[in-house]
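# Fold and geometry: a report
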Amino acid sequence: MNIPSIPSKLPQVGTTIFTVMSSLATELGAVNLGQGFPDFPMDARLIGLVDKAMRDGFNQYAHMHGLQSLREVLSAKIEYLYNTSVDPATQITITPGGTYAIYTALTTILRPGDEVIVFEPAYDSYIPNIEINGAVAIRIPLSFPDYRIDWEEVRRRVTSRTRMIMLNSPHNPTGSVLREDDIVALRALVKDSGIFIQSDEVYEHLIFDGVPHQSILRYPDLLERSFVSFSFGKIYHCTGWKLGYSVSSPALMAEFRKVHQFNCFSCHTPSQVALAEFLTDRSSYLDLPAFLQGKRDYFQDLMRATRFTPLPSFGSYFQLYRYDRISDESDKDFAIRITKEYGVAMIPVSAFYTAGKDDKVVRFCFAKKEETLQRAVERLLKI
Ligand code: PMP
Ligand code: GLN
């Protein structure tokens, strides 16, 4: 029998670092501060609402664009937070997670040969998502150690083939956030151009110290050329739900939905019914920054007694640390050795650079119970 073989569409892609480090942590029984997921329970009220939705018979396909009542509550939230009017009928689509929303946005826009500006360190799905669409990733490093965008460099790298720019704020893995001057520079850059924007805002509410979230949703002129993506899983401490949404202009969203309807069609109905009710209570999102900031501060306080040196974290689930006072190993070797020898898993930041740029920095996830953070730091203190 002749079994066909294919050349890989993603020859450079191996197993994601999150799976590598989580598998190692499970195998060794290490405290897992690597992959970004909470280990504390999600809100019991939200669980109750899903249960109720199922018992009430909401168990069949939801609308292809997402449950209407959920899109309406999201539109009201956007109006309240960002003072922008978004039509729930034409501008919001519920997706099976933030990752899918990004993939669908890229697939909607990109054609072979298009260039996409992506900042590194970059969340690990971005570049494979660009390349699977036959487009080319133009990688621009964020400045080190403050991880900000060098807009001069961006201007130099724009060509007639530049089709899209990918943003992520609050940023994974670094915890940096976009500031108002970044928006000014972005506006100047894209004005009168054919450049689209994919803005990954899954950590929208996980932003600290009173810094405002510079959502693209605040800027209707930018939203006209953008897909802005979110994740309920990240925000409501249920990453396993894999539910999110994308917001765009009516014209772009119509094209997005053509891709979506033959890929996923519609998302888990009971969770959407539950979220539509849960989000009517504004505290469900307004209380989140203080809650996560408390976790960041708790972790930072404990870590002060170790030999790790912190970098600032303005948002996300994550806190970066330098380990140059401990070792000169590569960050990957360091992360694996510490997981094996001391029983704490972390993520090497070089995994977020295609060329593996290694500034000897590792990422810890602080979205954990206090006792988990204590247990981890007790071990890290021995280093
Ligand atoms: N973007 C970033 C920056 C993330 O950290 C995550 C978290 N997993 C996602 C997208 C994906 O979210 P989801 O799990 O909803 O696909
Ligand atoms: N976003 C999570 C992180 O950065 C992981 C999600 C995943 O494993 N794909 O750790």
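Preceding this section is the structure that the text describes.
One structure accompanies this document, and this report is about it. (Residues numbered from 1 in each chain as written. Chains lettered and ligands numbered in written order. Predicted model: local features only at pLDDT ≥ 70, side-chain atom pairs only at ≥ 80, totals over all residues. Heavy atoms only, no water.)

Further remarks concern the site of ligand 1. As a structural note, the neighbourhood of ligand 1 is formed by Gly97, Gly98, Thr99, Tyr123, Asn168, Asn172, Asp200, Val202, Tyr203, Ser231, Lys234 and Lys242. The separation between an oxygen atom of ligand 1 and a polar side-chain atom of asparagine 172 is 2.8 Å. Look at ligand 1: alone it shows 390 Å² of surface, and the protein chains cover 93% of it. (Near = heavy atom within 4 Å. Polar contact = N/O pair within 3.5 Å; in protein donor to acceptor, adjacent residues only side chain to side chain. Areas by Shrake-Rupley, 256 points an atom, 1.4 Å probe, with all protein chains shown as cover.)

A few words now on the site of ligand 2. Inspection of the region around ligand 2 gives Phe18, Gln35, Gly36, Tyr123, Asn172, Tyr203, Lys234, Phe318 and Arg363 as its neighbouring residues. Contact between ligand 2 and asparagine 172: an oxygen atom at 2.8 Å from a side-chain N or O atom of the residue. Relative to its unbound accessible surface of 300 Å², ligand 2 loses 79% to contact with the protein. For the shell around ligand 2, the residue count by class is four nonpolar, three polar and two charged. (Nonpolar A, V, L, I, M, F, W, Y, C, P; charged D, E, K, R; others polar.)

Under the defined criterion, the tally for this structure stands at zero disulfides. Counting only cysteine sulfurs, cysteine 264 is the nearest neighbor of cysteine 267, a cysteine outside any disulfide, at a range of 4.1 Å. Of the residues examined, cysteine 267 reaches a relative accessible area of 7% and is grouped as buried. Here cysteine 365 is not disulfide-linked; the sulfur of cysteine 238 is the nearest cysteine sulfur, at 14 Å. (Disulfide = S-S within 2.5 Å. Buried < 20%, exposed > 50% of the residue type's maximum accessible area, 1.4 Å probe, protein only.)

It is worth spelling out helix H13 (residues 288-303) at this point. The terminal C-alpha atoms of H13, which comprises 16 residues, lie 23 Å apart, in line with the 22 Å expected from a rise of 1.5 Å per residue. Buried within H13 we find Leu288, Leu292, Lys295, Arg296, Tyr298, Phe299, Gln300 and Met303. Residues of H13 that are buried in the fold lie against helix H9 (232-235), helix H12 (283-286), strand E10 (318-322), strand E13 (361-365) and helix H15 (370-380). (Helix = DSSP H or I, 4+ residues; strand = E, 2+ residues; numbered from the N terminus. Expected span 1.5 Å × (residues − 1). Contact = heavy atoms within 4.5 Å.)

What follows concerns the sheet that holds strand E5 (residues 162-168). Two pairing modes exist for strands in a sheet, parallel and antiparallel, and in both the strands are linked by backbone hydrogen bonds. Taken in spatial order, the seven strands make up an open sheet running E2-E8-E7-E6-E5-E3-E4, and their pairing is mixed. Across the chains shown, the open sheet's two edge strands, defined by having one partner strand only, are strand E2 (92-95) and strand E4 (136-141). The sheet shows a mean angle of 20 degrees between the axes of neighbouring strands, taken without regard to direction. Sheet analysis places strand E6 (residues 196-200) next to strand E7 (residues 226-231), joined by four bridges and oriented parallel. Along E7, the bridge assignment pairs isoleucine 197 with serine 226. Against the sheet, helix H4 (residues 98-109) engages E2, E5, E6, E7 and strand E8 (244-248), with an angle of about 165 degrees to E7. (Pairing = 2+ DSSP bridges. Axes fitted to C-alpha atoms, helices over the stretch in contact; angles between N-to-C directions.)

Note that every value here comes from positions in space, so none of it alone points to a role or purpose.
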